Amino acid sequence: QVQLVESGGGLVQTGGSLELSCVVSGDGSNYYSIAWFRQAPGKEREGLACIDSSSGRTIYGDSVRGRFTISRDNAKNTVYLQMDNLTPEDTATYSCAATIIPTILRTGMDYWGKGTLVTVSS
């Protein structure tokens, strides 16, 4: 069983930045790649980025490539999502998830965190 706990959400103005954290724990957690998703009210969950457990290779969704950066600190068992140049369209609940095979498809995830809310004001 793998547990994921997100933090770092909050209110930010348009054009601002925010860094989210995802602390990963549990048996075998270091073998899992970690992905970030978001879900806005009335919209489907969207895959944003994923980082491979060993190689550090990253995958990004088209909507955030160039603005968001995923990184991993294995010593702290933490995955980060640095979000820059935020707009109101980025307002959503952001969740991290664990997957054996690196992907940003929500159907490929094995474990999920509960999420953290990000609100971008205009």
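Residues numbered from 1 in each chain as written. Predicted model: local features only at pLDDT ≥ 70, side-chain atom pairs only at ≥ 80, totals over all residues. Heavy atoms only, no water.

A. Representation of the overall build of the chain in the model. Looking only at helices and strands, the chain features zero helices and eleven strands. Reading the chain from its N end, one meets helices and strands in the order β-β-β-β-β-β-β-β-β-β-β. Its C-alpha radius of gyration of 13 Å places the chain within 12% of the 14 Å reference for a compact globule of 122 residues. Each principal axis of the C-alpha distribution contributes one length, and for the chain these read about 40 × 30 × 25 Å. Here the chain holds 122 residues, and 44% of them are scored as buried. Considering only contacts in the chain between residues 6 or more positions apart, those separated by 24 or more positions represent 58%. (Helix = DSSP H or I, 4+ residues; strand = E, 2+ residues; numbered from the N terminus. Rg over C-alpha atoms; globule rule 2.2 N^0.38 Å. Buried < 20%, exposed > 50% of the residue type's maximum accessible area, 1.4 Å probe, protein only. Contact = heavy atoms within 4.5 Å.)

B. Structural detail: the side chain of T103. With respect to the element layout, T103 can be found in the loop between β9 (92-99) and β10 (111-112). Relative accessible area serves as the criterion here: at 16%, T103 is assigned to the buried category. Here L105 takes part through its backbone nitrogen, which lies 3.0 Å from a polar atom of the side chain of T103. (Polar contact = N/O pair within 3.5 Å; in protein donor to acceptor, adjacent residues only side chain to side chain.)

C. Layout of the state of the cysteines. Tallied over the entire structure, the rule returns one disulfide. Two residues, C22 and C96, share a disulfide whose sulfurs are 2.1 Å apart. With the S-S dihedral at roughly 75 degrees, the linkage between C22 and C96 falls on the right-handed side. Pair noted here: C22 is in strand β3 (residues 18-26) and C96 is in strand β9, with a separation of 74 residues, a long-range link. C96 gets classed as buried once you look at its relative accessible area, which sits at 0%. The thiol sulfur of C50 is not disulfide-bonded, and the nearest other cysteine sulfur, from C22, lies at 11 Å. (Disulfide = S-S within 2.5 Å.)

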